Amino acid sequence: MKNSIDYSNNTARQHLAEKYAQIRRHSEEICKPLSTEDYVVQPVADVSPPKWHLGHTTWFFETFILLPHFPGYKLFNPQFNFVFNSYYETVGARVIRTDRGNLSRPSVSEVYKYRKYVDENMCRYLAGSSYTEDVEPLLQLGLNHEQQHQELLLTDIKYILGHNPLFPSYKENVMPKKSDNQEFKMISVKEGVYEIGYQGNGFSFDNELGRHKVYLNEFEIAHRLVTNGEYLKFMEDGAYSDFRYWHSEGWEWVKQQQVKAPMYWYFIDGKWMHYDLAGLNDINWNDDLCHVNFFEASAFAAWKGMRLPTEAEWETASHLFNWGSRWEWTNSAYLPYPGYKKEAGAVGEYNGKFMVNQMVLRGASEVTPIGHSRNTYRNFFQTHLKWQYTGIRLAK
């Protein structure tokens with residue numbers, strides 16, 4: 001993780017404190033439309049209750065910044081480390097992920113008190129003499145970590161409400177970003193040696209480093225994402241019942257789960273509808289497809305006689321097309337870049353330990369916080385997951 005702040009300038013520190021306050025405030029704004037009951041629901045293991053997200057992001061600042069760096073800091077509640085630790089073995093025991101929704105306590109109101117307590121102490125810490133330059137990378141990591149959870153908050157809220165039989169809306173007048181899809185065409189990229197990976201003086205996650213050269217054969221990549229209407233043709237052609245288009249593991253997933261459509265699509269009274277944050281609505285067939293997993297993305301590409309791009313191809317060509325509507329599946333396994341070094345201690349558990357059995361997604365989505373996307377960002381998920389805002393870009 002890199003930084004470019006001049007600590008001899010008090011204005012820079014003030015800017016950092018304002019950024020902290022703004023990001024922390026936004027997490028709570030996301031949760032304002034929720035009822036108290038919405039905060040505690042965990043329908044499946046991959047979805048965490050909103051209350052837990054609010055507590056976990058607060059725990060991060062308390063555990064990694066205030067406790068070791070702010071003299072005299074007292075824990076809000078010593079038991080919260082067990083409740084809000086996510087996967088950091090270095091920091092101690094924790095509630096297993098599948099049990100997060102079983103916790104009625106701490107209450108929602110107590111979690112908000114926890115956030116207020118930590119924020120007040122962070123404000124004092126950032127304004128005082130205890131704050132030093134060497135803590136800034138941790139603070140930047142914590143802020144970007146919270147932004148990741150802001151996106152997860154919205155995807156988890158959508159799952160919680162979208163699997164409620166009443167299909168309640170998240171809030172009134174939610175208008176998802178609409179796609180301006182044009183006629184489908186492919187963009188050609190010449191063979192050659194290219195560089196990928198983060199470069200610059202701003203923040204980046206360690207999995208975006210180091211920048212390195214890759215050789216690419218000549219390839220073509222779609223100038224836009226696959227639309228709902230195009231995916232409907234895939235469905236109507238019987239592709240969900242034709243093993244030829246699927247990986248072996250994907251075909252087993254289709255058969256076991258009896259999948260027939262993307263997540264949140266429902267066939268009601270003779271027509272397809274879908275759930276979004278505004279409730280149950282008609283599908284706009286020109287919108288970018290959303291909520292498909294790697295198996296489905298790969299099968300659709302095979303049905304079209306194409307493939308998914310590698311992450312190196314995607315990054316190399318990313319300046320040639322618009323991106324940011326959906327997280328885009330690539331055909332690249334999530335592996336370390338050449339020269340990757342895992343940091344010491346708990347921070348080293350942030351990315352490196354997950355570099356197995358996952359595929360890389362590139363881009364961003366309509367619920368990614370503003371300023372939290374770049375073309376070197378490496379998102380990653382397991383092949384069967386589809387609750388995230390995922391879409392398809394074709395290559396050949």
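The structure this text deals with has already been given above.
Bear in mind that the values here come from a model prediction, so they are computed numbers and not experimental data.

**Thoughts on the nonpolar core**
Looking at soluble globular proteins, one finds that nonpolar side chains tend to be buried together. Within the largest apolar cluster, 90 residues are counted, with the highest numbers of intra-cluster contacts made by Leu 139, Tyr 231, Phe 234, Trp 246 and Ile 392. The element best represented in this core is helix 5 (residues 136–162), accounting for 10 residues. Contact partners of Tyr 231, with chain neighbours within four places excluded, come to Val 226, Tyr 240, Pro 262, Leu 289, Val 292, Glu 296, Phe 300 and Ile 392. Counting residues in each nonpolar core, the second largest holds 12 residues, with Ile 196, Leu 216, Phe 219 and Ala 317 among its members.

**Looking at the packing of aromatic side chains**
This model, assessed by the stated rule, comprises 40 aromatic pairs. For the ring pair Phe 60 and Phe 64, a centre distance of 4.8 Å and an interplane angle of 65° mean the geometry is edge-to-face. One end of the pair is Phe 60 and the other is Phe 64, both in helix 2 (residues 50–69) and four residues apart, which spans about a single turn. Accessibility classification places Phe 60 together with Phe 64 in one group, the buried group. Their ring planes at 40° and their centres at 5.5 Å tell us that Tyr 240 and Trp 246 sit as a pair that is tilted. Following the ring pairs from residue to residue traces out a cluster consisting of Tyr 73, Phe 76, Phe 80, Phe 84, Tyr 114 and Tyr 117. Here Arg 378 stacks its cationic end above the ring of Tyr 337, 4.1 Å away from the centre of that ring. One residue, Arg 393, lies across the ring of Phe 321, its end atom 3.7 Å from the ring centre.

**Concerning the sheet that holds strand 9 (residues 359–363)**
The four strands lie next to each other as 10-9-8-11, forming an open sheet whose pairing is mixed. This sheet does not close on itself; its edge strands, each paired only once, are strand 10 (379–381) and strand 11 (390–391). Sheet analysis places strand 9 next to strand 10, joined by three bridges and oriented antiparallel. By the bridge assignment, Met 359 is partnered in strand 10 with Phe 381.

**Focus on the environment of Leu 385**
Within the fold, Leu 385 resides in the loop between strand 10 and strand 11. Owing to a relative accessible area of 10%, Leu 385 belongs among the buried residues under this scheme. Through-space distance from the C-alpha of Leu 385 to that of Tyr 275 is 18 Å; in sequence the pair is 110 residues apart. Sequence-distant contacts of Leu 385, that is, excluding residues within four places in its chain, are made with Asp 46, Val 292, Asn 293 and Trp 329.

**Structural notes on helix 7 (residues 248–257)**
Those residues of helix 7 that fall on the buried side of the exposure criterion are Gly 250, Trp 251, Trp 253 and Val 254. The arc that holds every buried residue of helix 7, seen down its axis, measures 155°, which confines them to one face. Facing away from the buried surface of helix 7 by more than 90 degrees, the exposed residues are Ser 248, Glu 249 and Gln 256. Buried residues along helix 7 sit in contact with helix 8 (294–303). Phi for Gln 258, located one or two positions after helix 7, is positive at around 55°.

Reading the values: the criteria
- Residues numbered from 1 in each chain as written.
- Predicted model: local features only at pLDDT ≥ 70, side-chain atom pairs only at ≥ 80, totals over all residues.
- Heavy atoms only, no water.
- Core = buried A, V, L, I, M, F, W, Y, C linked by side-chain atoms within 4.5 Å.
- Buried < 20%, exposed > 50% of the residue type's maximum accessible area, 1.4 Å probe, protein only.
- Helix = DSSP H or I, 4+ residues; strand = E, 2+ residues; numbered from the N terminus.
- Contact = heavy atoms within 4.5 Å.
- Phe/Tyr/Trp six-rings, centres within 6.5 Å; stacked < 30°, edge-to-face > 60°.
- Lys NZ or Arg CZ within 6 Å of the ring centre and 35° of its normal.
- Pairing = 2+ DSSP bridges.
- Arc of directions from axis to C-beta.

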